[in-house]
Amino acid sequence: MVEIPERPDRPSSAPPAVPTSADVARLAGVSRATVSYVLNNAGAVRISEPTRRRVRAAAEELGYVPHAAARSLRAGHSRMVLMPAPNVPVGPLHGRFINELQWALSRLDYTVVQYAGIGLHGDEAARAWAELRPVAVIVPGGGLGPRGVQILKRSGARAVVTLGPERVDGAHALVMDHYGVGHSAGAHLLARGCRRIGVVIPQEPGLEYFSKPRLEGVRCALEDTGAAVTEVPLAYEEEAAARVARGWRSLGLDAVFAYNDEYAMLLMRALQDAGVGIPEETAVIGADDLLLGRLLRPRLSTIHIELPSGRFLAELVDRVVRDPGGVPEAHKVLGARVVHRESS
């Protein structure tokens, strides 16, 4: 007789069981409905704080998280707010606004998802966003048209909100007044006695959506005054700024609105390296009122921009999700105020 040696039991390759709300309910000693109310932040149901703590502790111990798809089925729609990543460079001012918006939406029990769809534009982008079935889409910048809005709404999006200089048919809008930013800068330089004013035109793709209305705002402020406007193309690169600075005196400018503080600081450093006096030869003003502009010497004049609060936009989204049948709203935002410092 041949004895077959015993083999040690192999560890099971099966994944561990996924904890359920029933497991949480048993561990916490409550009903599954109570677990759902607590973990889905149902404010309409009164549950004592000790019970809430017990449910959350049980969920944490088991590693349980609510199932978003199941919750969406119960509610008839998701709680996902999709935010496509901007296809243009954004600065610190925009970043702070987005952070505040995400916090405010999370307080209203929405899940914010940022979508990095590089290379997608227009209706193609809208179809890609629609595949995720968001309840709301917040679109920064341009690129979304009326047809794209309809694609999103037919897929179940209750709120489509655009952030940009223009409205889009069918969407709610926060209309950013970039024209007013340029007008404020032009009026300030004119009041300082400048008559040959340059306007930086960023060469990064997509920024023309914002730079064109700022340029038009400067032109309007200088209209019928005898002052002249010169466009100054500039890429956001040190070498590009150095090339512009080397030929600066040939432009004959006595002032420049540099689109924003970041371009202003780039150009101002290059002009100083080239021996151009600021503000003696050329006054400089930016926009955004960044902290770094106050640390420069001379300190940078700027346009202080008032963005809407993230809480305001979050409440608009929530209101439209609850009542999607209303007429699309448009709110004009982006107040502009000149902050005069030594550079102009």
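Just above sits the structure.
The following paragraphs examine the structure supplied in this document. Counting starts from 1 at the beginning of each chain's written sequence and moves along it residue by residue. In keeping with the model being predicted, local features are shown solely for residues with a pLDDT of at least 70 and side-chain atom pairs are shown and tallied solely at 80 or more, while totals for entire chains, interfaces and linings include all residues. Note that the side-chain values use all heavy atoms of the structure and ignore hydrogens as well as water.

**Here we look at a nonpolar patch on the surface**
Right, on to step 1. Patches in this entry comprise residues that are over 30% relatively accessible and not in a salt bridge; like charges within 9 Å are linked, as are nonpolar side chains (Val, Leu, Ile, Met, Phe, Trp, Tyr) within 5 Å. Accessibility throughout is a Shrake-Rupley quantity obtained with a 1.4 Å probe, and a residue counts as covered only by protein chains that appear here. Every case where a carboxyl oxygen of Asp or Glu lies within 4 Å of a side-chain nitrogen of Lys or Arg is listed as a salt bridge. Residues Leu291, Leu292 and Leu295 make up a contiguous nonpolar surface patch of roughly 320 Å² in combined accessible area.
Right, on to step 2. Numbering of helices and strands runs from the N terminus, with a helix taken as a DSSP run of H or I at least four residues long and a strand as a DSSP run of E at least two residues long. Following the sequence through the fold, Leu295 ends up in helix 13 (residues 291-295).

**With respect to the nonpolar core**
Right, on to step 1. The set of buried Ala, Val, Leu, Ile, Met, Phe, Trp, Tyr and Cys residues whose side-chain atoms join them within 4.5 Å is what this entry labels a nonpolar core. Accessibility here uses a 1.4 Å probe with only protein chains present; expressed as a share of the type maximum, an area under 20% marks a residue as buried, one over 50% as exposed, and anything in between as partly exposed. Core analysis: the biggest nonpolar cluster contains 28 residues, and Val200, Leu234, Trp248, Leu267, Leu271 and Val284 have the highest contact counts within it.
Right, on to step 2. Residue assignment for this core shows that the elements contributing at least two residues are strand 7 (228-234), helix 10 (238-246) and helix 12 (261-273).
Right, on to step 3. No other element matches the 8 residues that helix 12 contributes to this core.
Right, on to step 4. In what follows, a contact means two residues having at least one pair of non-hydrogen atoms within 4.5 Å. When neighbours within four sequence positions are excluded, Leu234 is seen to be in contact with Val200, Ile201, Pro202, Gln203, Glu204, Ala240, Ala241, Val244, Tyr263, Leu266 and Leu267.
Right, on to step 5. In this structure, Ile138, Val161, Leu163 and Val321 belong to the second largest nonpolar core, which totals 23 residues.

**So, the pattern of salt bridges**
Right, on to step 1. Evaluation of the coordinates by the stated rule reveals 16 salt bridges.
Right, on to step 2. A salt bridge links Glu216 to Arg219; the shortest N-O distance between them is 3.7 Å. Here the residue Glu216 and the residue Arg219 both occupy positions in helix 9 (residues 208-222), the gap between them amounting to 3 residues, near one helical turn.
Right, on to step 3. Linking Glu239 and Arg246 is a salt bridge whose minimum nitrogen-to-oxygen distance equals 3.2 Å.
Right, on to step 4. Connected through shared salt-bridge partners, Glu216, Arg219 and Glu231 make up one network.

**Digging into the packing of aromatic side chains**
Right, on to step 1. Within 6.5 Å between ring centres, the rings of Phe, Tyr and Trp (the latter by its six-membered ring) count as paired, and their orientation is classed by plane angle as stacked under 30 degrees, edge-to-face over 60, tilted in between. On inspection of all chains with the given rule, the structure shows 3 aromatic pairs.
Right, on to step 2. On the basis of an interplanar angle of 80° and a centroid distance of 5.4 Å, the ring pair of Tyr209 and Phe210 is categorised as edge-to-face.
Right, on to step 3. The interplanar angle of 85° and the centroid separation of 5.7 Å between the aromatic rings of Tyr259 and Tyr263 together place this pair among those described as edge-to-face.
Right, on to step 4. A relative accessible area of 7% means that Tyr259 is categorised as buried.

**Here's the deal with the environment of Asp254**
Right, on to step 1. Among the secondary structure elements, Asp254 is positioned in the loop between helix 11 (248-251) and strand 8 (255-257).
Right, on to step 2. On the accessibility criterion, Asp254 (15% relative accessible area) is buried.
Right, on to step 3. Between the C-alpha atoms of Asp254 and Ile278, which are 24 residues apart in sequence, the distance is 9.7 Å.
Right, on to step 4. In this view, Asp254 contacts Gly193, Cys194, Arg195, Arg196, Ile197, Glu281, Thr282 and Ala283; residues no more than four positions away in its chain are not counted.

**Regarding the pairing of strand 5 (residues 172-176)**
Right, on to step 1. The buried fraction of strand 5 amounts to 5 of the 5 residues, a majority that puts the element mostly inside the structure.
Right, on to step 2. Neither face of strand 5 is exposed, since His172, Leu174 and Met176 on one face and Ala173 and Val175 on the opposite face are all buried.
Right, on to step 3. Sheet topology places strand 4 (residues 159-164) next to strand 5; 4 bridges connect them, and they run parallel. Its bridge partner being in strand 5, Thr162 is matched across the sheet by Ala173.
Right, on to step 4. Sheet analysis places strand 5 next to strand 11 (residues 330-333), joined by 4 bridges and oriented parallel. If you follow Leu174 over to strand 11, its bridge partner there is His331. For two strands to pair, DSSP has to find at least two bridges joining them.

**A look at the packing of helix 10 against helix 12**
Right, on to step 1. Viewed as axis vectors pointing N to C, helix 10 and helix 12 meet at an angle of 50°, and their least axial separation amounts to 8 Å. By the criterion of interaxial angle, the relationship of helix 10 to helix 12 is oblique. Here helix 10 and helix 12 pass one another in a crossing that is right-handed. Of the residues in helix 12, those touching helix 10 at Glu238, Ala241, Ala242, Val244 and Ala245 are Leu266, Leu267, Ala270 and Leu271.
Right, on to step 2. When residue character is reported, Ala, Val, Leu, Ile, Met, Phe, Trp, Tyr, Cys and Pro are called nonpolar, Asp, Glu, Lys and Arg charged, and the others, Gly included, polar. Each residue belonging to the contact of helix 10 with helix 12 can be placed in one class, and the counts come to 8 nonpolar, no polar and 1 charged. Axis definition: a line fitted to C-alpha atoms, limited for helices to the stretch in contact. Angles are taken between N-to-C directions and run from 0 to 180 degrees. By the definition adopted for this analysis, an angle is roughly parallel if under 35 degrees, roughly antiparallel if over 145, roughly perpendicular if from 65 to 115, and oblique otherwise. Crossing chirality is assigned from the near helix's rotation relative to the far helix, an anticlockwise turn below a right angle marking it left-handed and a clockwise turn marking it right-handed.

**What to know about the environment of Ala125**
Right, on to step 1. Its location among the elements puts Ala125 in helix 6 (residues 122-130).
Right, on to step 2. Separated by 19 residues in sequence, Ala125 and Leu144 place their C-alpha atoms 8.2 Å apart.

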